[in-house]
Amino acid sequence: MLDDRRRPRLMRERHVAYLMKGLGGLGGSYVALDASRPWLCYWILHGMDLLDALPEEKIDDCVATLAKCRSPTGGYGGGPQQLAHCAPTYAASLAIAVLGTRRAYESVDRKGLYAFLLSMKDPSGGFRMHDDGEVDVRGTYTALAVAALFNVLTPELAEGAAAYALRCQTYEGGFGGEPGVEAHGGYVFCALAALVILNATDAVDLDALERWLARRQTRVEGGFQGRTNKLVDGCYSFWQGGTLALVAHVRRGHTRSDEAPPGLRALQRYILLCAQVYPEGGLRDKPGKNRDYYHTCYCLSGLAASQRLYGDDASTVVYGDPGNLLHETHPVFNVRVDKVARAAAFFAGLPHTHAELTSA
């Protein structure tokens, strides 16, 4: 964990070995995640991609696995023959973007996917997570992110979504899962990312949001808590750190736009010294917890998001060994920036209007 100058070091090779093991097969303890198969694919693949270690020989197998999770209703379920749900649909879509091959892109049923997303739309302007499920900013963001990634984000799909997300900003400055509830890190990310997708951030109280985010960074550890009076958790390195990257992006062009958000080095220090599991590899919530693929993905994502101001290649903040620098992750989708651009180029020329996507 330390280089020859005793600077904190990202244990790349050990993290890659841990993630690669997950692609080869999972033990019986993972049966509880049977409805999270697309998530497991995404967590592992994205982590490896940030580390520049995506295994080319596994790509076709991953495409086939994700295709088995596709529902006849157009979205993706958590596993074969499971109910279509916005969360695994989002995870499968991100995993396809990470894989980044023509075969992966062509596995997407864009018309079926659009029909599913439309069926999740609620009169409030938000989206529900699944048929007869809850309406919140998770559903709203995941639906919009999938639609934006595959070029099916029509005015009909987006109608009312920005107003719904804006109603979720609380008196604290953060965003709750739905209007009138407590602000929470995961929902804050979802709400702001959705508004960035819709180009509708003008009505966000960014000053209050930044103050809320700053108060979520714990003074001693340097990592983030998810909400007021909670413990630090490594996964919020991205949910909160990625939101800070989005705020910096929204402010681009203002007098403060060239300033790196404060606390980035403290966040990286927490990830490198407290979240890495030595000597086995993998990353965790906090010391005393076990490593897992979820926290490995989002700790690495938080590290990547904290190392650059999105869209500014000249500005980097790297704590510890210079070799800790990861590939840049897109703060809206949490997929490598070059992979988002590749997907956008592929889907740009395909039918994308409401009439085209709903035609027989």
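In this text, all values refer to a predicted model and were calculated from it rather than measured experimentally.

A. Molecular detail of the side chain of Thr243. Note on placement: Thr243 falls in helix α13 (residues 241–250). Residues contacting Thr243, with those up to four places away along its chain left out, are Val188, Phe189, Leu192, Leu213 and Phe238.

B. Up close: the nonpolar core. Membership of the largest hydrophobic core comes to 108 residues, with the highest contact counts inside it found for Tyr42, Leu45, Leu117, Tyr141, Leu209 and Tyr298. It is helix α4 (residues 86–99) that contributes the most residues to this core, 11 residues altogether.

C. Here's a closer look at the packing of aromatic side chains. Summed over all chains, the structure comprises 18 aromatic pairs. Between Phe238 and Trp239, the ring centres sit 5.6 Å apart and the planes meet at 65 degrees, which makes this aromatic pair edge-to-face. Using a relative accessible area of 0% as the deciding quantity, one classes Phe238 as buried. One aromatic cluster is present, formed by Trp39, Tyr42, Trp43, Tyr90, Tyr141, Phe189, Phe238, Trp239, Tyr294 and Tyr298 through successive ring pairs.

D. Spatial organisation of the environment of Leu33. With respect to the secondary-structure elements, Leu33 resides in the loop between α1 (12–24) and α2 (37–50). The class for Leu33 is partly exposed, based on a relative accessible area of 29%. Along the backbone, Leu33 and Gly79 are 46 residues apart, and their C-alpha atoms lie at a distance of 9.5 Å.

E. Structural view of the environment of Ala92. Checked against the element boundaries, Ala92 lands in helix α4. In the structure, Ala92 is positioned 203 residues away from His295 in sequence and 18 Å away in space, judged by C-alpha atoms. Discounting residues that sit within four places of it in the chain, Ala92 has contacts with Pro38, Leu66 and Tyr76.

F. Seen up close, the environment of Ala183. Mapped onto the elements of the fold, Ala183 is located in the loop between α9 (161–166) and α10 (185–197). For Ala183 and Gly24, which are 159 residues apart along the polypeptide, the C-alpha to C-alpha distance reads 38 Å. Beyond its immediate sequence surroundings of up to four residues, Ala183 is in contact with Thr170, Glu172, Gly174, Phe175, Gly176, Trp212 and Arg227.

G. Geometry of the state of the cysteines. Enumeration according to the criterion identifies zero disulfides in this entry. Unpaired in this structure, Cys190 has its nearest cysteine sulfur neighbour in Cys168, at a distance of 10 Å. The class of Cys190 is buried, set by a relative accessible area of 8%. Free cysteine Cys274: the closest other cysteine sulfur is in Cys299, separated by 10 Å. For Cys274, a relative accessible area of 22% puts it in the partly exposed group.

Rules used in this analysis
Per chain, residues are indexed from 1 in the order of the written sequence. Where totals are concerned, whole chains, interfaces and linings use all residues; where local detail is concerned, this predicted model gives features only for residues with pLDDT of at least 70, and gives and counts side-chain atom pairs only at 80 or more. Hydrogens and water are ignored here; the side-chain numbers use all heavy atoms of the structure. Numbering of helices and strands runs from the N terminus; a helix is a DSSP stretch of H or I covering at least four residues, while a strand is a stretch of E covering at least two. Between two residues, a contact is recorded if the distance between any of their heavy atoms is within 4.5 Å. Definition used in this section: a nonpolar core is a set of buried Ala, Val, Leu, Ile, Met, Phe, Trp, Tyr and Cys residues joined via side-chain atoms within 4.5 Å. In this scheme, a residue with accessible area under 20% of its type's maximum is buried, one over 50% is exposed, and one in between is partly exposed, where area comes from a 1.4 Å probe on protein chains only. Between rings of Phe, Tyr and Trp, where Trp is taken as its six-membered ring, a pair exists when centres lie within 6.5 Å; planes separated by under 30 degrees are stacked, by over 60 edge-to-face, and by other angles tilted. The criterion for a disulfide is a pair of cysteine sulfur atoms lying within 2.5 Å.

Spatial relationships are all this shows, so hold off on functional conclusions.
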